[in-house]
Amino acid sequence: MKQKKEILIDGIDKKILRALMKDARTPILEIARNVGISGAAIHQRLRKLEKNNLLAGSKFLINPEALGYTTIAFVGVYFNNAADSALIIKFLKRIPEVLECHFTTGNWSVLIKTHCKNNTHLMQILNTIQDIKGVDRTETFISLSEQIQRQIKI
């Protein structure tokens, strides 16, 4: 398998990225003033970083608790047969409460992250997952409190 080339970024790129990681709504001209280069140069650098796939877009983060989603659970899903994985993943994608899905090493076939309104809602989601053809069983861990949430350091 071909390994992807590592992207090299300089000090100016790092300053730009740190500013945008802190607040993606920071005006380009404000970043330009703080970095000491023109707004056009900032745009040019951002286009280069996007082209090299360092930037994966920008988005607003929704606070799930504000919408009533107070239960976070990690669910290890065991498949009956690894050959069914594509179909099972297709069905997992249809469950809006499933926010992440990762193939893992170890016992599970995949590990998923869910946000649910409460434990009753979580139980409904688990039943939905367990009803997917090819799912053998699940193992659930409820998050009591998220202590660290961050991006990779630049």
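Just above, that's the structure.
It should be emphasised that the depicted structure is a prediction, and the values quoted were computed from it without experimental measurement.

Enquirer: Tell me about a positive patch on the surface, and please be specific about residues and values.
Expert: Among the surface-exposed residues, K14, K15, R18 and K153 lie close enough to one another that they form a single positively charged patch. When you line up the elements, K15 lands in helix α1 (residues 11-22). With a relative accessible area of 46%, K15 lands in the partly exposed category.

Enquirer: So what about the nonpolar core? Which residues, and what values?
Expert: Of all hydrophobic cores here, the largest spans 18 residues; its most connected members are V77, L92, I95, V110, I112 and I129. Going through the elements one at a time, β1 (71-79), α4 (85-93), β3 (110-116) and α5 (119-130) are the ones with two or more residues in this core. Filtering out sequence-adjacent residues up to four positions away, I129 remains in contact with V77, L92, I95, I112, V135 and T138. Residues I16, I28, I42 and L46 belong to the second largest nonpolar core, which totals eight residues.

Enquirer: Lay out the pattern of salt bridges with the relevant residues and their values.
Expert: Throughout the structure, instances matching the rule amount to six salt bridges. The partner of K48 in a salt bridge is D13, and the shortest N-O contact between them spans 3.2 Å. Highlighted residues: K48 in helix α3 (residues 39-51) and D13 in helix α1, separated in sequence by 35 residues. Residue classification places K48 among the partly exposed residues on the basis of a relative accessible area of 35%. The class of D13 is buried, set by a relative accessible area of 0%. For D23, the salt bridge goes to R25, with nearest N and O atoms at 3.7 Å. Overall, the relative accessible area of 32% leaves D23 in the partly exposed class. Residues joined by salt bridges that share partners form a network here, namely D10, D13, R45 and K48.

Enquirer: Give me the lowdown on the packing of helix α2 (residues 28-35) against α3, citing residues and values where you can.
Expert: In contact at an axis separation of 8 Å, α2 and α3 are set at 105° when each is read in the N-to-C sense. If you check the angle between α2 and α3, you find them roughly perpendicular. In this structure, α2 uses I28, L29, I31 and A32 to contact α3, whose residues at the interface are G39, I42, H43 and L46.

Enquirer: Give a description of the pairing of β3 that names residues and reports values.
Expert: Most of β3 sits inside the fold, with six of its seven residues counted as buried. Bridge analysis of β1 against β3 gives seven bridges, and the strand direction is antiparallel. Along β3, the bridge assignment pairs V75 with I112. Bridge analysis of strand β2 (residues 98-103) against β3 gives five bridges, and the strand direction is antiparallel. Its bridge partner being in β3, V98 is matched across the sheet by T114. Between β2 and β3, which follow one another and run antiparallel, lie six residues, and G106 among them has a positive phi close to 95°.

Here is what the cut-offs are and how they apply
All residue numbers refer to positions counted from 1 along the written sequence of the respective chain. Only residues with pLDDT of at least 70 get local features here, since the model is predicted, and only at 80 or more are side-chain atom pairs given and counted; chain-wide, interface and lining totals rely on the full set of residues. Excluding hydrogens and water, the side-chain figures rest on all heavy atoms present in the structure. Patch building starts from residues that exceed 30% relative accessible area and form no salt bridge, then joins like charges within 9 Å and nonpolar side chains (Val, Leu, Ile, Met, Phe, Trp, Tyr) within 5 Å. Per-residue and other accessible areas follow the Shrake-Rupley method at a 1.4 Å probe size, with only the shown protein chains counted as cover for residues. Only one rule defines a salt bridge in this text: a Lys or Arg side-chain nitrogen within 4 Å of an Asp or Glu carboxyl oxygen. In this tally, Lys and Arg are treated as positive and Asp and Glu as negative; His is ignored, and so are the chain termini. A charge is said to be at NZ when it belongs to Lys, at CZ for Arg, at CG for Asp and at CD for Glu. By the criteria applied, helices consist of DSSP H or I runs no shorter than four residues and strands consist of E runs no shorter than two, each listed in order from the N terminus. For the exposure calls, accessible area comes from a 1.4 Å probe over protein chains only, and a residue counts as buried if that area is under 20% of its type's maximum, exposed if over 50%, partly exposed in between. The term nonpolar core refers to a set of buried residues drawn from Ala, Val, Leu, Ile, Met, Phe, Trp, Tyr and Cys, joined through side-chain atoms within 4.5 Å. Contacts are residue-level and defined by heavy atoms, with any inter-residue pair within 4.5 Å sufficient. Under this scheme, a helix contributes an axis fitted over its contacting stretch, all axes are lines through C-alpha atoms, and angles between N-to-C directions fall in the 0 to 180 degree range. Note that the term roughly parallel is reserved for angles under 35 degrees, roughly antiparallel for angles over 145, roughly perpendicular for angles of 65 to 115, and oblique for everything else. Strands qualify as paired when DSSP identifies two bridges or more between them.

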